[in-house]
Amino acid sequence: MFSPGFLEVSAHLAPGRLPIRIRLSRATFQEAESKDAAQQEEAKHLLMCEMTKHFLEIHAAEVPSEKFSQSLSYYLQGVHDTIIREAGEGSLRIVVECRTLEILERLWDDYNSGHLNEVAEERLLTDEIKKKYEVESIELETTITMENYLACKLSLTGTSSYI
C-alpha cells in the first residue's frame, strides 16, 4: 500500500534519481524478556511500518509545521536540496532527485560517512513511536547502492561510460 501521491519505487529511474532503502536491522524493547523471538520480530515489523507511515505523513504535510524541521523529509529536502519523488512501505524505500552533481556528491558523502543513517535513526523513531512500541533503541541500515549512485552520476554528467 502506498500513500496518496507516491508511486511504487521502480527499477527504471529518470535522470538524477537515486533510490535509498532504510530497513530496521535491530530494535531493543523495554521488557524484552517478556517477548519471545516471534513476538519481537512482529514488533520490529510493526515498528518499521509505523516509522514508514510517519515519514509518508510528514512528507504529505500532515503534521504540524513545527515538527517538520525534525523530520527525515526535511533533512533530505532542506539540508541536501533533493526532491523526494517516490516513497514506499515495507522497508522505507525513497527515491530522491538530485538536480546537480554537487547535490548527489554531498548526499553520497553523507551516506558513506554513516551520517545519513544516524539522521534516519534520530528522525524516524519519534517519542510517540518509542512509547507506543516500548522501544529503547533501534539500529537502521540505510543503503544507496554503488550501481545506483554511478547511474545517477552518469545521468547528471551526461557521460555514457565509466571513466
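Scroll up to find the structure.
Let us look at the structure shown here. These figures come from a predicted structure and were not determined experimentally. (Residues numbered from 1 in each chain as written. Predicted model: local features only at pLDDT ≥ 70, side-chain atom pairs only at ≥ 80, totals over all residues. Heavy atoms only, no water.)

1. Let's talk about the packing of aromatic side chains
Working definition: an aromatic ring pair is given by the centre-to-centre distance plus the angle between the planes. Which entries qualify depends on this criterion: Within 6.5 Å between ring centres, the rings of Phe, Tyr and Trp (the latter by its six-membered ring) count as paired, and their orientation is classed by plane angle as stacked under 30 degrees, edge-to-face over 60, tilted in between. Going along the chain from the N terminus, every DSSP run of H or I of four or more residues is numbered as a helix, and every run of E of two or more is numbered as a strand. Think of it in three bands: residues with accessible area under 20% of the maximum for their type are buried, residues over 50% are exposed, and the middle band is partly exposed, with areas taken using a 1.4 Å probe on protein chains only.
Applying the stated rule across the entire model yields two aromatic pairs. Arranged with centres 4.0 Å apart and planes meeting at 10°, the rings of Trp108 and Tyr149 form a pair that is stacked. Here the residue Trp108 occupies a position in helix H4 (residues 101-113), and Tyr149 occupies one in helix H7 (residues 146-157), the gap between them amounting to 41 residues. You can call Tyr149 buried: its relative accessible area is 6%. Here the aromatic cluster, defined as three or more aromatic residues joined through ring pairs, consists of Trp108, Tyr111 and Tyr149.

2. Focus: the pairing of strand S3 (residues 92-97)
Let me state the cut-off plainly: Strands qualify as paired when DSSP identifies two bridges or more between them.
Of all six residues in S3, five are buried, a share of seventy percent or more. Judged from the six bridges that link them, strand S1 (residues 17-29) and S3 form a sheet pairing that is antiparallel. Across the sheet, the residue bridging to Ile20 is Ile94, located in S3. Sheet topology note: the strand S2 (residues 83-88)/S3 ladder contains five bridges and is antiparallel. Pairing of Gly88 across the sheet is with Arg93, part of S3.

3. Details of H7
Rule in force here: By definition here, a helix of n residues has an expected span of 1.5 Å times n minus one. The contact definition used throughout considers only heavy atoms, calling two residues in contact when any of these lie within 4.5 Å.
Helix length check: H7, at twelve residues, gives a terminal C-alpha distance of 16 Å against a target of 16 Å (1.5 Å per residue), a fit within 8%. Those residues of H7 not exposed but buried are Tyr149, Cys152 and Leu154. Contact partners of the buried residues in H7: S1 and H4. Just downstream of H7, Gly158 is the residue with a positive phi angle, here 80°.

4. Observations concerning H4
Rules: As used here, the arc belongs to the directions running from the helix axis to the C-beta atoms.
Helix length check: H4, at 13 residues, gives a terminal C-alpha distance of 18 Å against a target of 18 Å (1.5 Å per residue), a fit within 8%. The complete set of buried residues in H4 reads Ile103, Leu104, Leu107, Trp108, Asp110 and Tyr111. Along the long axis of H4, the arc covered by the buried residues comes to 160°, so they all point the same way. Projecting away from the buried face of H4 at angles above 90 degrees are the exposed residues Glu102 and Ser113. Check the buried side of H4 and you find it contacts S1, helix H3 (72-79), S3, helix H5 (115-124), strand S4 (135-143) and H7.

5. Observations regarding the pattern of salt bridges
Should their charged atoms come close, side chains of opposite charge can pair. Threshold: Salt bridge, as applied in this entry: a Lys or Arg side-chain nitrogen positioned within 4 Å of an Asp or Glu carboxyl oxygen.
For the coordinates displayed, the defined rule picks out nine salt bridges. The salt bridge partner of Lys44 is Glu41, with a shortest N-O separation of 3.5 Å. Note that Lys44 and Glu41 are positioned in helix H1 (residues 37-59) at a spacing of three residues, about one turn of the helix. One network of salt bridges, in which partners are shared, links Arg17, Arg85 and Glu97.

6. A closer look at the environment of Tyr149
Along the sequence, Tyr149 and Leu107 sit 42 residues apart, while their C-alpha atoms lie 9.9 Å from each other. What Tyr149 contacts, discounting residues up to four positions off in sequence, is Leu18, Leu104, Glu105 and Trp108.

The values reported here are purely geometric and, on their own, carry no functional implication.
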